[in-house]
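Examination of the molecular architecture
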Amino acid sequence: MWVIRTLLEEGYTIRGAVRSKEKGEYLRNYFERWREKVEWTVVPDISKDSAFYEAVKGVDAIIHTASPLPSSNPEPDYTIKPAVHGTVGILTSALKYGTNVKRIVLTSSCSAIINVVTKPTAMFDETNWADEAVQAVKEKGKDNPDMVKYRASKVLAERAAWEFCYQHKNEIGWDLVALNPPHPPLQKADSPAGLNSSMRKLWGNISQERSDDFLKVSYGYIDVRDVAAAHVAALQKEAAGGERIIIANGDTTYSVAPELFTSGVLQRGNPRLEKTILYVYNPEKGKRVLGIKYRSFEETLKDTLAEFGARAMPTVLPVTSARVLVTGANGYIAMWVIRTLLEQGYTVRGAVRSEEKGKHLKEYFSNYGDKVECFIILLRSAGRGQNAMLDAYEQCGQDGAFDEAVKGVDAIEHTASPLPSSNPDPNDTIKPAVQGTLAVLKSAYKYGSKVKRIVLTSSAGAIINPVTKPTAVFDETHWADTYVQDIKEKGKDNPDIVKYRASKVLAERAAWDYYNEHKGDVGWDLVALNPPLVVGPPLQRVDTPDNLNSSLDTWWKNISKEKPVDILKTSYGYIDVRDIAAAHVVALQKESAGGERIIVSNGNIVHSLKPELYSSGVLPRGKPDLDKTILFTYNPEKGKRILGLKYRGLEEMISDTLGDFEARGWLKPQSNA
């Protein structure tokens, strides 16, 4: 975004490659004053060989900034393959169709340069490569920390670029420049949940209390505006051609207290701590070749925090080292909620039903050390065979189950609830949903002396009612009481989805009733989030598609299996799991969310839509000619207004989910036998 702004300010015309139509529209609207100078093209999957064929036609230069950021996906190829393929793909496209291209600037990273440092002070320059990370990935694979996989991806992507140029040097009319900054640019962000990876790291580390060992960590820095200026200068300076250039303005440690902000908002820092710099990046080549004077650390920090202040970043702030209890912590939504909380600097207490589930949680988030703790909800032996899980949920609903878990936490995210069950007795779904919700609230009432807010994961299933003709619009004033009445009248003869929706209605109503009865006696308020079908890459332990959680399993079966027309005509609302996770975190922070019921939905579609992103025969189903009448929609405006989030588009959600499945080896061409 900053590169585009800098180019436009200097009179260039821009063609922006984005992953979805929604992102393109945002780009155009953001740069409205330059509307005639900005165009965009959709490239949904940068790893495809042909991804940029059309995008490069007629352009004079290319700045390639697209690359995956550090991921918690255990498979190294999840990060490495798209980084390498995307980089080689843009160069291949330029070779074939970039007849006007004179220069390509690649945004690499200092992560492609640095190696492990054990004693001060190491000096890294453009001759260094982070090959230790590549070797670690070869030897340890998915057992490496996420940052090692990320560094390996940057090394392999940049090396692939230079090797491509050398191999085709007699065929191309352009040269290559690789820029290696310590941090990537800052994009649009309405809250800390929307910050990019590097800015989340900065925000967390200047706003949270950290251990002395952590505060001693060295890091290089550069202002995003200077990185953008370097990209433009790299197009203009003839001497930059064929060069690898570090863009860094020095190194510091996290122990530097932001003296510029002494209002108590940023309370961390240990000024007396020894500030030994373990390593530095030599910036001299970049300064000489590009001729840029970089902004100081003080100016960068001051302007960044002023921008955060202007955006009102943030009722439960991470800046106070807030501790958040997440129930059902090993679940699909909960894992993403925890990840988002941790990325913003919160400390998380995850409530799980067994030591085994707690072990997985700790292992998955091991990089966060003592920022993650597990609390086992002690259960008696659940000896009911197939009903063991329901038995466990019932025990979690016992008064007192969360008494110890709520002590000392500042907020609660209650995501735990039974999913649709094939058990014929409606009470096997309804009873644990209602009692589990009330158990959390009762424990918070008795022992949650620090709790300021409780966010309840409800469902659009608590809102919708039967629809027979298009197009019904549901909002937060609606309740799915029809299904509660069905349970009263038909009992166990109801379909499973009716029992589930009745459970969501009764659990959420019970929560509001309890809160309204006791709100004069408690120091916390309540928020209920109501998402429809949640789809997106899973973080929880899942070895095969057969073990997917309920919502993802429903979606996967409907796009991967042949279905009758009546099913394909079914309308459903959707939201990306990463967006519902962000909504949970922002719901802690936005004062106006308190006491509100909020739909978090990004639209409605029908199951007949075929994912054109995958046309290789892996997903051969769909009836594109089928009438695509949307029977109902959920009105998302209240959620967008209060939470201020921009949700991912359908294309991005599907592409990323199937990309995750592909990395797990689940996408295989259908047999024609």
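The structure we're discussing is the one just above.
Predicted model only: the values in this text are computed from it and were never measured. (Residues numbered from 1 in each chain as written. Predicted model: local features only at pLDDT ≥ 70, side-chain atom pairs only at ≥ 80, totals over all residues. Heavy atoms only, no water.)

With respect to the packing of helix H1 (residues 2-9) against helix H8 (residues 224-236)
Geometry of a packed helix pair, given as the angle between the helix axes and the separation of the axes. Contact geometry for H1 and H8: axes closest at 8 Å, N-to-C directions at 55°. As far as their axial angle goes, H8 and H1 are oblique. For the crossing formed where H1 meets H8, the hand is right-handed. Note on element contacts: H8 touches H1 through Val-224, Arg-225, Ala-228, Ala-229, His-231, Val-232 and Leu-235, opposite Trp-2, Val-3, Thr-6 and Leu-7. Of the residues assigned to the contact of H1 with H8, the class counts are 8 nonpolar, 2 polar and 1 charged. (Axes fitted to C-alpha atoms, helices over the stretch in contact; angles between N-to-C directions. Helix = DSSP H or I, 4+ residues; strand = E, 2+ residues; numbered from the N terminus. Parallel < 35°, antiparallel > 145°, perpendicular 65-115°, else oblique. Left-handed = near helix turned anticlockwise from the far one by under 90°. Contact = heavy atoms within 4.5 Å. Nonpolar A, V, L, I, M, F, W, Y, C, P; charged D, E, K, R; others polar.)

Looking at the packing of aromatic side chains
Per the counting criterion, the structure on display carries 15 aromatic pairs. For the ring pair Phe-124 and Tyr-281, a centre distance of 6.3 Å and an interplane angle of 40° mean the geometry is tilted. With Phe-124 in strand E5 (residues 122-124) and Tyr-281 in strand E10 (residues 279-281), the pair connects residues that are 157 residues apart, well separated along the chain. The pair formed by Phe-124 and Tyr-281 is uniform in burial state, with each residue classed as buried. Ring geometry for Tyr-445 and Tyr-514: centres 6.3 Å apart, planes at 90°, overall edge-to-face. Pair noted here: Tyr-445 is in helix H14 (residues 427-447) and Tyr-514 is in helix H16 (residues 496-518), with a separation of 69 residues, a long-range link. Tyr-445 gets classed as partly exposed once you look at its relative accessible area, which sits at 34%. On the basis of relative accessible area, Tyr-514 is assigned to the buried category, the value being 9%. Three or more aromatic residues joined by ring pairs make a cluster, and in this case those are Tyr-30, Phe-31 and Trp-34. Against the face of Tyr-97 rests Lys-57, its NZ or CZ located 4.8 Å from the ring centre. Note that Arg-159 overlies the ring of Trp-129, its terminal NZ or CZ placed 4.2 Å from the centroid. (Phe/Tyr/Trp six-rings, centres within 6.5 Å; stacked < 30°, edge-to-face > 60°. Buried < 20%, exposed > 50% of the residue type's maximum accessible area, 1.4 Å probe, protein only. Lys NZ or Arg CZ within 6 Å of the ring centre and 35° of its normal.)

Here we look at the pattern of salt bridges
All chains considered together, the criterion is met by 29 salt bridges. A salt bridge links Glu-243 to Lys-285; the shortest N-O distance between them is 2.6 Å. Of this pair, Glu-243 sits in the loop between H8 and strand E8 (244-246) while Lys-285 is found in helix H9 (residues 284-290), placing the two residues 42 residues apart along the sequence. A residue is classified by how much of its surface remains accessible, and Lys-285, at 18% relative accessible area, is buried. Asp-576 is paired through a salt bridge with Arg-578; the nearest N and O atoms lie 2.8 Å apart. Residue Arg-578 is classed as buried on the basis of its relative accessible area of 13%. (Salt bridge = Lys/Arg side-chain N within 4 Å of Asp/Glu carboxyl O.)

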